[in-house]
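Take a look at the letters that make up each chain.
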Amino acid sequence: MSVNHTWDVIVIGAGPAGAMAAHELAKAGLKVAILEKERLPRYKTCGGGLVFRGRELLPISIQSAVEKEFDSLAVYFDKQKQPFTAQRNFPILSMVMRDQFDQLLVQEAVKQGAVLLEGQCLQRLDCESQLKVHTQEHILTTRYVVAADGVLGPTAKLAGWKETRKLIPALEYEVGVEPAVFERLAKEARFDIDAIPQGYGWCFPKAHHLSIGVGLFAPKKIQLRDFYKSYLNKLGIESTTFEEAHGFQIPVGARTDGFTKKGVFLTGDSAGFADPLTAEGLTNSIYSGILAGQSIVREFDQPELAANAYQAALEERLLPELRFSEVMASFFYFMPAARNLLLGKYGQRACEILTDVFTGQTVLSQDLKKKALKKLKIW
Ligand SMILES: Cc1cc2nc3c(=O)[nH]c(=O)nc-3n(C[C@H](O)[C@H](O)[C@H](O)COP(=O)(O)OP(=O)(O)OC[C@H]3O[C@@H](n4cnc5c(N)ncnc54)[C@H](O)[C@@H]3O)c2cc1C
């Protein structure tokens, strides 16, 4: 394929952040390339639990990529005999396999005019007078770069960022079980808070198998695999018909040294936008991709204004939410005795609030601020 060497924007990475940024940019008529080191569809380690709020942000129906939908969720704690559950009359969680889901989003960006360059790995970035993107085959010039290359992608480092994100380890298994066991576990999307100290386990049913994982929110070296094994026992899984293990990291603390530099905009995991309390990363990847795209479109001729617009858009909702979640996470994972005491009393309410956050009906950082101002009679 002959490749055009001059672009308005090059998006590095064809995950949800990259696809959404490219979609916004191409829709506005800009010349956009998406650079992806793999060939699509490609597996991505992920529970594939897309919350309603994230799904609502998408410009297209993703029904064809949804394997199961849950209009309820269940949160298990060892100290509670019954799980806390919440129910809504729409899908709180849509279960997707990321190969199909990501490909669908990228196809939509391509429909808008973006060009997908697959099997092209970013290797070097010149950020001095003109932005130059080097892959193993090409040198491409561009006005802007959107970094959407995930938690381990090189763009941010190549553009001069230090590592300031908080990265946590997580293990994901794609698991086949006997039909009777699948039928039992496929009835709910469940979170098990005591599956691992300072973390949680999840069991997300897909069409024909289970995505089971454990994540640790503390910067410790432990054998996650042992916790996964004991989580299988907790779920009553005695044997599996297949098990594919995938280890990965989740950035649950945003970068502290900004999200733009010399025409490079960081989005999604490359910026560190997964939620510090739940590690849910899809919504903010989609959201930040859209915001980065819109900011560049709005101020295309003035990179400094585009950078300011992106920062301001992030400050409206995404960053305050992450800060609030960070405080909640330090209480939730690191003060278990106080947490359990409170959950004994208010657990069901907390489960409802978590569900409202997943569905977008509550923005905790905004709602609590309003309540505090009301109390002080300032609002
Ligand atoms: C075990 C686990 C379970 C998770 N479960 C959930 C969940 O259930 N729900 C949820 O909301 N979130 C979940 N997350 C988080 C979620 O997967 C991420 O937040 C999300 O994928 C980030 O999207 P992104 O677009 O920023 O990056 P990614 O989806 O990681 O996409 C980055 C893309 O960039 C490409 N790339 C990387 N380097 C280069 C390069 N040098 N050149 C070109 N291309 C490159 C990659 O191949 C990839 O396609 C989970 C994460 C893990 C690790």
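Residues numbered from 1 in each chain as written. Predicted model: local features only at pLDDT ≥ 70, side-chain atom pairs only at ≥ 80, totals over all residues. Heavy atoms only, no water.

Enquirer: Would you mind going over the sheet that holds strand S12 (residues 167–176) with me for this structure?
Expert: In a beta sheet, neighbouring strands pair by backbone hydrogen bonds and run either parallel or antiparallel. Spatially, the seven strands line up as an open sheet ordered S6-S5-S13-S14-S15-S12-S16, and their pairing is mixed. Whereas interior strands pair on both sides, the edge strands pair on one side only; in this sheet they are strand S6 (84–87) and strand S16 (242–251). Across the sheet, the mean angle separating the axes of adjacent strands is 15° when strand polarity is ignored. The pairing of S12 with strand S15 (residues 210–216) spans six bridges and is antiparallel. Counterpart to Val175 in the pairing with S15 is Leu210. Contacts between helix H6 (residues 224–234) and the sheet are confined to S12, strand S13 (190–192), strand S14 (199–205), S15 and S16, with S15 contributing the most and set at about 130° to the helix. (Pairing = 2+ DSSP bridges. Helix = DSSP H or I, 4+ residues; strand = E, 2+ residues; numbered from the N terminus. Axes fitted to C-alpha atoms, helices over the stretch in contact; angles between N-to-C directions. Contact = heavy atoms within 4.5 Å.)

Enquirer: Is there a simple way to explain the environment of Ile212 in this structure?
Expert: Here Ile212 lies in strand S15. The buried category is assigned to Ile212, whose relative accessible area is 0%. Distance in space between the C-alpha atoms of Ile212 and Ile237 is 11 Å, their sequence separation being 25 residues. Other than its neighbours up to four places away in sequence, Ile212 contacts Leu171, Glu172, Tyr173, Val175, Trp202, Cys203, Tyr228, Tyr231, Leu232, Leu235 and Ile237. (Buried < 20%, exposed > 50% of the residue type's maximum accessible area, 1.4 Å probe, protein only.)

Enquirer: Would you mind showing me how to read the domain arrangement of the chain here?
Expert: Size of an interface, as often reported, equals the accessible area lost when the parts are brought together. Domain annotation for the chain reports domain 1 (6–71 + 89–164 + 256–322), domain 2 (167–251) and domain 3 (335–375). With ten residues of domain 1 in contact, the opposing surface of domain 3 contributes ten residues. A per-residue breakdown of the area domain 1 buries against domain 3 is headed by Arg53, Ile92 and Arg317, which together make up 39% of the total. Counting across the domain 1 and domain 3 interface gives one residue pair in polar contact (both at pLDDT 80 or more). Breaking the side of domain 1 that touches domain 3 down by element, the ones donating at least two residues are helix H2 (52–57) and helix H10 (318–334). (Domains from an automatic or database assignment. Buried area = accessible area lost by both parts, 1.4 Å probe. Polar contact = N/O pair within 3.5 Å; in protein donor to acceptor, adjacent residues only side chain to side chain.)

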